[in-house]
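Descriptive structure summary
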Amino acid sequence: MKKVCHNVIAAAFVSLLALAPAHAERADSLKQAVINFDSLDVDEVTQTRILTGNVILTRGTLTLKSDRALVKETPEGYMSVTLTSGPGRVATFRQKRDGGPDLWMEGQGERIEYDERQELVKLFSKAIVRQLENGRLTNELDGAYISYDSRREVATVRNDASGESKVGGGRGTLIIAPRRAPAAAAGSTPATPAAGKK
């Protein structure tokens, strides 16, 4: 696994997204959100809901999981969700991507912020984002902070959970799985040297 500079990671990840389109399943925004939880506090005036205890939010192919979720809704009906988990645990998201029957984007972080209006996911602290195709990892990115704009297909990676790069901060990792199939043709045999040649 090769460590690379966070600026190079961001540029490489964005170029990978151009090769393998990663926009979220467009139909998800038209589906109802279903949230399971152990405890709920609602403030109808501010349109704020605080859910705790094994929170699982599903909306179409989107699934968000955490120990706690703060869900807000704008007057226009857009949701914003902040997921947090207890010590030693992470919040997670998973969503199908457009472009094929089995393309997925998944990620985790100690905190995840999801803004439906902007189609933006931000992952903070121990952030990891993976692209999967037919159950196979195609790309993986980790860093202290990852922001992914699925509308514009733009990713940003920073070495600090504040969302800024800091001198002496951590480093990220980018893993690119091979896209080509092995060139082993069925029934082929290795070439043998001509008689009298070595």
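Attention in this report is confined to the structure presented alongside it. Everything quoted here is computed from the prediction, not taken from an experiment.

Procedures and definitions
- Residues numbered from 1 in each chain as written.
- Predicted model: local features only at pLDDT ≥ 70, side-chain atom pairs only at ≥ 80, totals over all residues.
- Heavy atoms only, no water.
- Helix = DSSP H or I, 4+ residues; strand = E, 2+ residues; numbered from the N terminus.
- Buried < 20%, exposed > 50% of the residue type's maximum accessible area, 1.4 Å probe, protein only.
- Contact = heavy atoms within 4.5 Å.
- Areas by Shrake-Rupley, 256 points an atom, 1.4 Å probe, with all protein chains shown as cover.
- Core = buried A, V, L, I, M, F, W, Y, C linked by side-chain atoms within 4.5 Å.
- Salt bridge = Lys/Arg side-chain N within 4 Å of Asp/Glu carboxyl O.
- Pairing = 2+ DSSP bridges.
- Phe/Tyr/Trp six-rings, centres within 6.5 Å; stacked < 30°, edge-to-face > 60°.
- Lys NZ or Arg CZ within 6 Å of the ring centre and 35° of its normal.

Each helix and strand counted, the protein chain has one helix and 13 strands in total. Starting at the N terminus and ending at the C terminus, the protein chain contains elements arranged as β-α-β-β-β-β-β-β-β-β-β-β-β-β. Within the protein chain, the fraction of its 198 residues that count as buried is 34%. Counting contacts in the protein chain only where the partners sit at least 6 residues apart, residues at least 24 apart contribute 48% of the total. Accessible surface computed for the protein chain: about 11,400 Å², of which carbon and sulfur atoms make up 54%.

Glancing now at the nonpolar core. In this structure, Leu64, Val81 and Leu123 are the most contacted members of the largest nonpolar core, which totals 25 residues. Contributing elements (two or more residues each) for this core: strand E4 (48–59), strand E5 (62–73), strand E6 (79–84), strand E7 (91–96), strand E9 (111–115), strand E10 (120–133), strand E11 (136–149) and strand E12 (154–158). Aside from chain neighbours lying at most four places away, what touches Leu64 is Val55, Ile56, Leu57, Val81, Leu83, Thr92, Phe93 and Tyr114.

Let us now look at the pattern of salt bridges. Going through the model one piece at a time under the given rule, you end up with 10 salt bridges. What you see here is one network of salt bridges that share partners, running through Arg94, Glu106, Arg130 and Glu140.

On to the pairing of strand E8 (residues 103–109). Summarising burial for E8: six of the seven residues are buried, a large majority. In this sheet, E8 lies alongside E7 in antiparallel orientation, the contact comprising six bridges. Following the sheet pairing, Ala91 is matched in E8 by Gly109. Connecting the antiparallel pair E7 and E8 is a turn made up of six residues, with Gly99 showing a positive phi of about 110°. Bridging between E8 and E10 involves six bridges; their strand directions are antiparallel. Note on E10: the bridge partner recorded for Glu106 is Arg130.

Two aromatic rings, taken as a pair, are described by how far apart their centres are and by the angle between their planes. Applying the stated criterion across every chain, the model contains one aromatic pair. Across the ring face of Trp104, the terminal group of Arg94 is positioned such that the distance to the ring centre comes to 4.2 Å. A cation over an aromatic ring shows up here: Arg111 above the ring of Phe124, its NZ or CZ 3.8 Å from the ring centre.

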